[in-house]
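# A structural walkthrough
Take a look at the letters that make up each chain.
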Amino acid sequence: MTPFPAVSTAPVTGVGPRAARALTAEFARHNAATSALVIGADHASAVVAAAIEALLPGDNLTLVAGVRSTADLLRDHIAGLGSWVSDRVRILDSLAEATPADVVILGEPLTGTADETRAVLDSLGKYLTEGAVVSVAVPAVPGQTGGAAAELFRQSALFGVGTDLVARNQPPLRVHRLRFSQADTRVAATLAPAYRPSSVPVTRTMHIDSNGVAAAGIALGLAALARGARPKSKLWLIPALAALPVAAFFRDPERDIPADSNAIVAASDGRVLSVERLTDERLGEGEFLRIAVFLSVLDVHVNRVPVAGRVTDYFVIDGGYANAMTAAAEHNVAAYTVLDTDHGTVAVAQRTGLIARRIVQRTPVGTLVARGERMGLIRFGSRTDVYLPADKAQATVAVGDKVIGASSVIARWI
């Protein structure tokens, strides 16, 4: 019996491994003991497999069968995985038996109308602990009603919304992570960086951000058009040869994050421009230690969160596009992401440069972020400034030092 009979899932062929990993990402990133509830579980689904793979000692996972499975089939499947798994997984005959969980996952995509989807979201409240996350997928294919409900998800979640497009699924899905009550900032320190399907894997340790895939695709499309229009000309080689370096600009490597809990990591690759104490009334009272890093066009431009915390504000300051290495860059366009942490207010300013005109930010207000987690990127040469409480942090870098995002320690809590 489906837990939500008002919501049809008939047009959807399934959730593949990549989409399943996105759906279960919030459960997988918790290093402390966590409870998860999968509603609409299928014994043969990638969602159940991904949830089981995420299990750690101390975790517990509850499964409620969907339209494609039964409680008995789920019990047989879990029993066949051994006692380590079966001791941590509970199978329920009905959703009414479920208790509140830290992460609630809908195992089947929703394709109902906005009203039907709202009814589903409203019905989940009784199954959520304080600060819990709901993970839901809807079709991303134009014309399907589930995709039309995407705006509803953004309106419904009061304390953080994270959305990922999983294009490599049939059909493509949008995965929404919703939080309806405020999360405890202290939880952020126990989290691993969230899995983001916004990067396309090239090797085990190297990815290309989706912006790079799109840019390279445009370059190759221009090459095809040029060759079709003028088949005897070699002009098509210009955009064709540009596709590889354009994609390389958006490279997104995996990084080793320091184990030291007092370490504050670089928000980006680049060279340290300045280390100074200052005040900034936009961020609150008191002095801040600001560490500014310049990113050349050869640096990795995916930005990282320097400390664990909760995103409490995001705002953009208008300005110019001066060379990011000059003093005039202080007045460039800048996007500020403000974090509440155990040590006070921390902010990351992503500043445009002479060439950079586009800032991408992927950590909405209310989101809990882990140290070293991807937060967005700036296109084509730029600068990132990290603001730390001056009385609680001590810089470990100097002007001219080269730093690596998420790996280099730029300061320590004192």
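Residues numbered from 1 in each chain as written. Predicted model: local features only at pLDDT ≥ 70, side-chain atom pairs only at ≥ 80, totals over all residues. Heavy atoms only, no water.

## Digging into the overall build of the chain
Summing up its helical and strand segments, the chain has ten helices and 24 strands in all. Taking the principal axes of the C-alpha coordinates as reference, the chain spans close to 65 × 65 × 40 Å. Here the chain holds 414 residues, and the buried ones make up 52% of them. Counting only contacts in the chain whose residues sit at least 6 apart along the sequence, the fraction spanning at least 24 positions is 75%. Looking at the chain as shown, the accessible area adds up to about 18000 Å², and 57% of this sits on carbon and sulfur atoms. (Helix = DSSP H or I, 4+ residues; strand = E, 2+ residues; numbered from the N terminus. Buried < 20%, exposed > 50% of the residue type's maximum accessible area, 1.4 Å probe, protein only. Contact = heavy atoms within 4.5 Å. Areas by Shrake-Rupley, 256 points an atom, 1.4 Å probe, with all protein chains shown as cover.)

## Some words on helix α9 (residues 210–229)
For α9, with 20 residues, the first-to-last C-alpha span of 28 Å sits near the 28 Å given by 1.5 Å per residue. Those residues of α9 not exposed but buried are N211, G212, A216, A219 and A223. Across the axial projection of α9, the buried residues extend over an arc of 130°, all falling on one side. Away from the buried face of α9 by more than 90 degrees, exposed residues I218, A224, L225, G228 and A229 are located. Against β9 (206–209), α10 (237–249), β18 (359–361) and β20 (374–378) lie the buried residues of α9. (Expected span 1.5 Å × (residues − 1). Arc of directions from axis to C-beta.)

## Concerning the sheet that holds strand β11 (residues 263–265)
The three strands are arranged β11-β24-β22 in an open sheet whose pairing can be described as antiparallel. In this open sheet, the two edge strands, each paired with only one partner strand, are β11 and β22 (393–395). This sheet shows a mean twist of 30° between the axes of neighbouring strands, independent of strand direction. In the sheet, β11 pairs with strand β24 (residues 409–413) via three bridges, with the strands oriented antiparallel. By the bridge assignment, I264 is partnered in β24 with A411. (Pairing = 2+ DSSP bridges. Axes fitted to C-alpha atoms, helices over the stretch in contact; angles between N-to-C directions.)

## Focus on the packing of α9 against α10
It is at 8 Å that the axes of α9 and α10 come closest, and there the two elements cross at 175°. Taken together, α9 and α10 sit at an angle that is classed as roughly antiparallel. Note on element contacts: α10 touches α9 through P239, A240, A243, V246 and A247, opposite G212, A215, A216, A219, L220, L222 and A223. Partitioning the contact of α9 with α10 into residue classes produces eleven nonpolar, one polar and no charged. (Parallel < 35°, antiparallel > 145°, perpendicular 65-115°, else oblique. Nonpolar A, V, L, I, M, F, W, Y, C, P; charged D, E, K, R; others polar.)

## Describing the pairing of strand β17 (residues 344–351)
Consecutive side chains of a regular strand alternate in pointing toward one face of the sheet and then the other. Burial analysis of β17 places six of its eight residues in the buried class, the great majority of the element. Here strand β16 (residues 334–341) pairs with β17 via eight bridges, running antiparallel. Following the sheet pairing, D340 is matched in β17 by T345. Hairpin connection from β16 to β17: two residues lie between these consecutive antiparallel strands. In terms of strand pairing, β17 meets strand β21 (residues 382–389) through five bridges, oriented antiparallel. Across the sheet, V348 pairs through a bridge with V386, a residue of β21.

## Some words on the domain arrangement of the chain
Its domain assignment divides the chain into domain 1 (17–181), domain 2 (206–251) and domain 3 (260–413). Using C-alpha coordinates to define each centre, domain 1 is positioned 38 Å away from domain 2. (Domains from an automatic or database assignment.)

## Let's talk about the pairing of strand β2 (residues 60–65)
Counting buried positions along β2 gives five out of six residues, so the element sits mostly inside the fold. Note: strand β1 (residues 35–41) against β2, six bridges, orientation parallel. If you follow I39 over to β2, its bridge partner there is V64. In this region the chain leaves β1, passes through helix α3 (residues 46–53) and returns to the parallel neighbour β2; the handedness of that crossover is right-handed. Relative to strand β3 (residues 89–92), β2 runs parallel, the two sharing four bridges. Looking across to β3, one finds that V64 is bridged to L92. (Right-handed = clockwise from strand over helix to strand, strands pointing away.)

## Describing the packing of aromatic side chains
Inspection of every chain in the model, using the stated rule, returns four aromatic pairs. Arranged with centres 6.4 Å apart and planes meeting at 80°, the rings of F288 and Y387 form a pair that is edge-to-face. Separated by 99 residues along the polypeptide, F288 in strand β13 (residues 287–295) and Y387 in strand β21 bring together distant segments of the chain. In terms of burial, F288 and Y387 fall into one category: buried. Ring centres 6.0 Å apart and planes at 40° place the aromatic pair Y336 and Y387 in the tilted group. (Phe/Tyr/Trp six-rings, centres within 6.5 Å; stacked < 30°, edge-to-face > 60°.)

## Overview of the pattern of salt bridges
On inspection of all chains with the given rule, the structure shows 25 salt bridges. Taking the shortest distance from any N to any O, the salt bridge between E108 and R68 comes out at 3.3 Å. Pair noted here: E108 is in the loop between β4 (101–106) and α6 (114–123) and R68 is in the loop between β2 and α4 (71–79), with a separation of 40 residues, a long-range link. Given a relative accessible area of 10%, E108 falls into the buried group. For R412, the salt bridge goes to D260, with nearest N and O atoms at 3.1 Å. (Salt bridge = Lys/Arg side-chain N within 4 Å of Asp/Glu carboxyl O.)

## Considering the sheet that holds strand β15 (residues 309–317)
Here we have eight strands laid out as an open sheet, ordered β19-β15-β16-β17-β21-β13-β12-β23, and antiparallel in their pairing. The sheet is open, and its two edges are formed by β19 (368–369) and β23 (402–403), each paired on a single side.

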